[in-house]
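# Results of the structural survey
Listed below, chain by chain, are the residues.
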Amino acid sequence: MPTLNIVVATVYGGALDVAEQVQPVFEQAGYDVSILESPSIDDVTVKAAELTLFCISTTGSGDYPGGLVPFAAALKDRHPDLANLRYGMIALGDSSYGDTFCGAGRALDALLSECGAIRQGERLEIDAMETFMADDAALPWVEQWIETL
Ligand SMILES: Cc1cc2nc3c(=O)[nH]c(=O)nc-3n(C[C@H](O)[C@H](O)[C@H](O)COP(=O)(O)O)c2cc1C
């Protein structure tokens with residue numbers, strides 16, 4: 001059974017809710033799913049799943065939610081080789097924050113790419129100004145994403 005880690009970074013629970021809503025879609029597609037809220041570098045290297053989906057909201061001024069800060073700092077400092085990491089990116093944000101819209105998801109995407117990880121498909125950016133329930137955008141995106149894998 002293929003394995004999937006969903007890495008969540010949230011302040012108010014929206015990104016975790018997205019992860020929990022999409023989990024059964026992956027399970028129906030045959031994946032063994034784990035949700036990780038405090039990821040470590042090992043989770044994307046030696047203990048990496050066959051596929052990783054990041055569900056990342058933004059706080060402050062384009063900042064990472066607290067649970068992701070050590071992980072992002074370790075990526076930046078240690079620059080691990082992530083050539084074997086296949087991942088997708090769902091970024092949650094609010095366009096009323098202007099230039100920092102989805103800043104955390106975008107920054108993490110850039111960091112992962114600098115470490116050699118391969119993103120599968122385009123990043124999904126969910127704008128709280130347009131989408132009241134983030135799941136409404138995430139579920140159809142995930143269904144399509146699975147088909148392209
Ligand atoms: C204090 C605060 C700061 C925020 N800063 C940003 C930001 O800089 N950029 C952005 O796109 N969204 C920002 N947001 C919006 C959140 O990212 C958005 O509401 C998201 O859906 C929250 O997800 P969560 O429930 O997983 O924390 C901010 C929200 C709050 C409350």
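Preceding block: the structure.
This text gives an overview of the structure that appears in the document. As the structure is a prediction and not an experimental result, all values here were calculated from the model. (Residues numbered from 1 in each chain as written. Predicted model: local features only at pLDDT ≥ 70, side-chain atom pairs only at ≥ 80, totals over all residues. Heavy atoms only, no water.)

## Overview of the packing of aromatic side chains
All told, the structure shown has 5 aromatic pairs when counted by the stated rule. Aromatic side chains phenylalanine 26 and tyrosine 31 sit 5.8 Å apart centroid to centroid with 90 degrees between the ring planes, which places their arrangement in the edge-to-face category. A residue is classified by how much of its surface remains accessible, and phenylalanine 26, at 0% relative accessible area, is buried. With a centroid separation of 5.4 Å and an interplanar angle of 15 degrees, the aromatic rings of tryptophan 141 and tryptophan 145 are classed as stacked. Linking tryptophan 141 with tryptophan 145, this pair stays in helix H4 (residues 134–148), spanning 4 residues, or about one helical turn. (Phe/Tyr/Trp six-rings, centres within 6.5 Å; stacked < 30°, edge-to-face > 60°. Buried < 20%, exposed > 50% of the residue type's maximum accessible area, 1.4 Å probe, protein only. Helix = DSSP H or I, 4+ residues; strand = E, 2+ residues; numbered from the N terminus.)

## Focus on the site of the ligand
In the vicinity of the ligand, 19 residues are found, and the nearest of them are Thr10, Gly14, Thr58, Thr100 and Cys102. Contacts to the ligand include valine 11, whose backbone N or O atom sits 2.9 Å from an oxygen atom. A distance of 2.7 Å separates an oxygen atom of the ligand from a polar backbone atom of glycine 14. Coverage of the ligand by the protein chains reaches 80% of its 650 Å² of free accessible surface. (Near = heavy atom within 4 Å. Polar contact = N/O pair within 3.5 Å; in protein donor to acceptor, adjacent residues only side chain to side chain. Areas by Shrake-Rupley, 256 points an atom, 1.4 Å probe, with all protein chains shown as cover.)

## Focus: the side chain of aspartate 94
Positionally, aspartate 94 belongs in the loop between strand E4 (86–93) and helix H3 (103–114). Despite its burial, aspartate 94 pairs with no opposite charge; the closest candidate is arginine 106, at 12 Å N-O. There is a polar contact of 2.7 Å between the side chain of aspartate 94 and the side chain of serine 96. (Lys, Arg positive; Asp, Glu negative; His and termini not counted. Salt bridge = Lys/Arg side-chain N within 4 Å of Asp/Glu carboxyl O.)

## Re H3
Over its 12 residues, H3 extends 16 Å from the first C-alpha to the last, a length consistent with the 16 Å expected when each residue adds 1.5 Å. For H3, every residue scored as buried is listed here: Gly103, Ala104, Gly105, Leu108, Asp109, Leu111 and Leu112. Against the buried residues of H3 lie strand E3 (51–57), helix H2 (69–78), E4 and strand E5 (118–119). Of the residues one or two after H3, glycine 116 is the one with positive phi, at around 95 degrees. (Expected span 1.5 Å × (residues − 1). Contact = heavy atoms within 4.5 Å.)

## Structural notes on the pattern of salt bridges
As enumerated under the stated definition, the model contains 5 salt bridges in all. In this structure, arginine 106 engages glutamate 125 in a salt bridge whose closest nitrogen and oxygen atoms are separated by 2.8 Å. Of this pair, arginine 106 sits in helix H3 while glutamate 125 is found in strand E6 (residues 124–127), placing the two residues 19 residues apart along the sequence. Judged by its relative accessible area of 33%, arginine 106 falls in the partly exposed class. Taking the relative accessible area as the measure of exposure, glutamate 125 reaches 25% and is therefore partly exposed. Linking arginine 119 and glutamate 122 is a salt bridge whose minimum nitrogen-to-oxygen distance equals 3.9 Å. Beyond isolated ion pairs, a larger network of salt bridges with shared partners links Arg106, Asp109, Arg119, Glu122, Arg123 and Glu125.

Any functional reading would require information that these geometric values do not contain.
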